[in-house]
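Residue-level listing of the chains:
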Amino acid sequence: MSLPPNHLPSNTVPSLSADESLFHSEKALELKREICEMGRRMWLRQYCEANGGNISCRLAKDRFLVTPTGVSKGFMTPDMLCLVDGKGTQILPTTGPWHHSTEFLTHLAIYDAVPHAASVCHAHPCHAGAFAIKQLELPTRLIPEMEIFVGRVPVALYETPGSPMIAASVAPLAPHHQSILLGLHGLICWGTSVEDAYFKIEITDAYCRTVLLAMPLPGMAAIPSEKIGDLMERKQKTGLPDSRFGLTPAEFCAMNPWEYLKGDFLGSTNANQKPGFLPDPEDLADRITKKIISQLKITK
Ligand SMILES: [Zn+2]
């Protein structure tokens, strides 16, 4: 039982609250440093401009460390991090300039939907952003590492950043996808550590960059359908989630929203395509966009 402050002997230093002890613990300091380091990498790789982007991690049951708003993620120090509860209320610091990101509500939706998610990173990387502003799900079957470490990257259609609606649109996707495009906004990823969540951003954006570079080039192959089983078997052993486990190769291929572009993109079967023919990138992007928007059905 603790005495009220006015009953404490004058030479007694009031003890820290449980939250203060947690917030200043060795474990918290280690995680704060890791968040600052991932923020530095995000900024250096141009994944977040100005004060954009945000990172959080679970510190304890119902307690999260969250990056501050209004600060470049490349120049954070551990003392800027905020302690926030599972309802999105900031607990510490109670005074000072640091207030947690308003986009943390979206992170909370992921933590609620995926109990083993340890961290969430949100950024605005340009290559993934190009797909986000078209609200295009990424093509699949192009790079094995992408299939294993990230898998399908669906689109959560545009909602106002930080609103309960965007949190609600991300929640049903999170159990099946560690990397989710936010329509007309950016990319959000969860991981089993802060670095793992950051890695999903890095892998996804590198993949988008490769796809964008490849789009104007003629004739591309796709991972053969008969080889898909090997990849999924390997992925299942890692414990990573994927909504395509258990599908037949044909079903797996049918889930690729770009599959119908076989002749244009996923294979060199376009009869009109001559060797060395380079389609106009703008024309190709326009055709792809129109086709996908008219045919794409976003699934969980
Ligand atoms: Zn954002």
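Here, the structure is the one placed above.
Note that this is a predicted model, so its numbers are computed, not measured.

So, how was this worked out
- Residues numbered from 1 in each chain as written.
- Predicted model: local features only at pLDDT ≥ 70, side-chain atom pairs only at ≥ 80, totals over all residues.
- Heavy atoms only, no water.
- Axes fitted to C-alpha atoms, helices over the stretch in contact; angles between N-to-C directions.
- Helix = DSSP H or I, 4+ residues; strand = E, 2+ residues; numbered from the N terminus.
- Parallel < 35°, antiparallel > 145°, perpendicular 65-115°, else oblique.
- Left-handed = near helix turned anticlockwise from the far one by under 90°.
- Contact = heavy atoms within 4.5 Å.
- Nonpolar A, V, L, I, M, F, W, Y, C, P; charged D, E, K, R; others polar.
- Patch = residues over 30% accessible without salt bridge, like charges linked within 9 Å, V, L, I, M, F, W, Y side chains within 5 Å.
- Areas by Shrake-Rupley, 256 points an atom, 1.4 Å probe, with all protein chains shown as cover.
- Salt bridge = Lys/Arg side-chain N within 4 Å of Asp/Glu carboxyl O.
- Buried < 20%, exposed > 50% of the residue type's maximum accessible area, 1.4 Å probe, protein only.
- Phe/Tyr/Trp six-rings, centres within 6.5 Å; stacked < 30°, edge-to-face > 60°.
- Pairing = 2+ DSSP bridges.
- Core = buried A, V, L, I, M, F, W, Y, C linked by side-chain atoms within 4.5 Å.
- Donors = N, O, S within 2.8 Å, 3.2 Å for Na, K, Ca; no water.
- Expected span 1.5 Å × (residues − 1).

Participant: Sorry if this is basic, but what is going on with the packing of helix H2 (residues 26-44) against helix H7 (residues 194-214) here?
Facilitator: Axes are the key here: two packed helices are described by the angle between their axes and the distance separating the axes. Here H2 crosses H7 at 15°, and the two axes come no closer than 9 Å. Our classification of the angle between H2 and H7 gives roughly parallel. With respect to the hand of their crossing, H2 and H7 are arranged in right-handed fashion. Contact residues: H2 offers Leu31, Glu34, Ile35, Met38, Arg41 and Met42, while H7 offers Val194, Glu195, Tyr198 and Phe199. Broken down by class, the residue content of the contact of H2 with H7 amounts to seven nonpolar, no polar and three charged.

Participant: Quick question: what am I supposed to make of a nonpolar patch on the surface here?
Facilitator: The grouping of Trp43, Leu44 and Phe75 at the surface amounts to a nonpolar patch, some 320 Å² of accessible area in total. Tracing the chain through its elements places phenylalanine 75 in the loop between strand E2 (63-66) and strand E3 (82-85). Given the relative accessible area of 53%, phenylalanine 75 is considered exposed.

Participant: Help me understand the pattern of salt bridges, please; the structure alone is not making it clear to me.
Facilitator: A pair can form between side chains of opposite charge whenever their charged atoms are brought close. For the structure shown, the criterion picks out 10 salt bridges. Arginine 41 serves as the salt-bridge partner of glutamate 195, at 3.1 Å between the closest nitrogen and oxygen. Linking glutamate 195 in helix H7 with arginine 41 in helix H2, this pair joins segments that are 154 residues apart in sequence. By relative accessible area, which is 27% here, glutamate 195 ends up partly exposed.

Participant: I'm lost on the packing of aromatic side chains in this one. Help?
Facilitator: Two measures describe an aromatic ring pair: the distance that separates the ring centres and the angle between the ring planes. Taken as a whole, this structure holds six aromatic pairs when the rule is applied. Summarising the aromatic geometry, the rings of phenylalanine 64 and tyrosine 111 are spaced 4.6 Å apart at their centres and angled 35° between planes, so their arrangement reads as tilted. Pair noted here: phenylalanine 64 is in strand E2 and tyrosine 111 is in helix H3 (residues 104-113), with a separation of 47 residues, a long-range link. Of the two residues, phenylalanine 64 and tyrosine 111, neither departs from the other in class, the shared state being buried.

Participant: I tried to follow the pairing of strand E8 (residues 186-191) on my own but got confused; where do I start?
Facilitator: It is a general feature of regular strands that their side chains alternate between the two faces of the sheet. Taken across its six residues, E8 has six buried, putting it largely inside the fold. The two faces of E8 match: Gly186, Ile188 and Trp190 on one face and Leu187, Cys189 and Gly191 on the other face are all buried. With four bridges connecting them, strand E7 (residues 179-182) and E8 associate as antiparallel partners. Within E8, the residue paired with leucine 181 across the bridge is leucine 187. A loop of three residues connects E7 with E8, the two strands running antiparallel in sequence, and leucine 184 in this loop sits at a positive phi of about 55°.

Participant: What exactly am I supposed to notice about the nonpolar core here?
Facilitator: When a protein is soluble and globular, its nonpolar side chains tend to lie buried together. Of all hydrophobic cores here, the largest spans 46 residues; its most connected members are Ile35, Leu65, Phe131, Leu138 and Leu181. Contributions of two or more residues to this core are made by H2, strand E1 (54-60), strand E4 (90-92), strand E5 (119-123), helix H4 (126-132), E8 and H7. With eight residues, H7 is the largest single contributor of residues to this core. In contact with phenylalanine 131, other than residues within four places in its own chain, are Leu136, Leu138, Pro139, Leu181, Cys208, Val211, Leu212 and Trp258.

Participant: What's the story with the coordination of the zinc ion in this structure? I'm lost.
Facilitator: Octahedral metal centres with six donors ideally show angles of 90 or 180 degrees, and tetrahedral centres with four donors ideally show 109.5 degrees. His122 (NE2), His124 (NE2) and His185 (NE2) make up the full set of protein donors to the zinc ion, lying at 2.0 to 2.2 Å. Within one chain, the residues donating to the zinc ion are spaced in sequence as H-x1-H-x60-H. Taken together, the residues span a long stretch of sequence, with histidine 124 in the loop between E5 and H4 and histidine 185 in the loop between E7 and E8 at a distance of 61 residues. We note that histidine 124, like histidine 185, is buried.

Participant: Before we go on, may I ask you to explain H7 in this structure?
Facilitator: In an α-helix, one turn spans 3.6 residues, which is why side chains three or four residues apart end up on the same side. Taking 1.5 Å of rise per residue, 21 residues should cover 30 Å, and H7 covers 31 Å from first to last C-alpha, within 8% of that figure. Those residues of H7 lying buried are Val194, Asp196, Ala197, Tyr198, Lys200, Ile201, Thr204, Asp205, Tyr207, Cys208, Val211 and Ala214.

Participant: Please clarify how the sheet that holds strand E6 (residues 155-156) should be interpreted in this entry.
Facilitator: Spatial strand order, E4-E3-E2-E1-E5-E8-E7-E6: eight strands in an open sheet with mixed pairing. The outermost strands of the open sheet, each flanked by one partner alone, are E4 and E6. Pairing of E2 with E3, which is carried by four bridges, proceeds in the antiparallel orientation. The residue of E3 that forms the bridge with arginine 63 is aspartate 85.

Participant: Help me out: how do you make sense of unusual backbone geometry in this one?
Facilitator: One can expect most non-glycine residues to show negative phi and most peptide bonds to be in trans. With an omega of -10°, the peptide bond between leucine 92 and proline 93 qualifies as cis. Considering the arrangement of structural elements, one finds proline 93 in the loop between E4 and H3. Even without a glycine there, the phi angle at glutamine 135 is positive, about 55°. Along the chain, glutamine 135 turns up in the loop between H4 and helix H5 (144-149).

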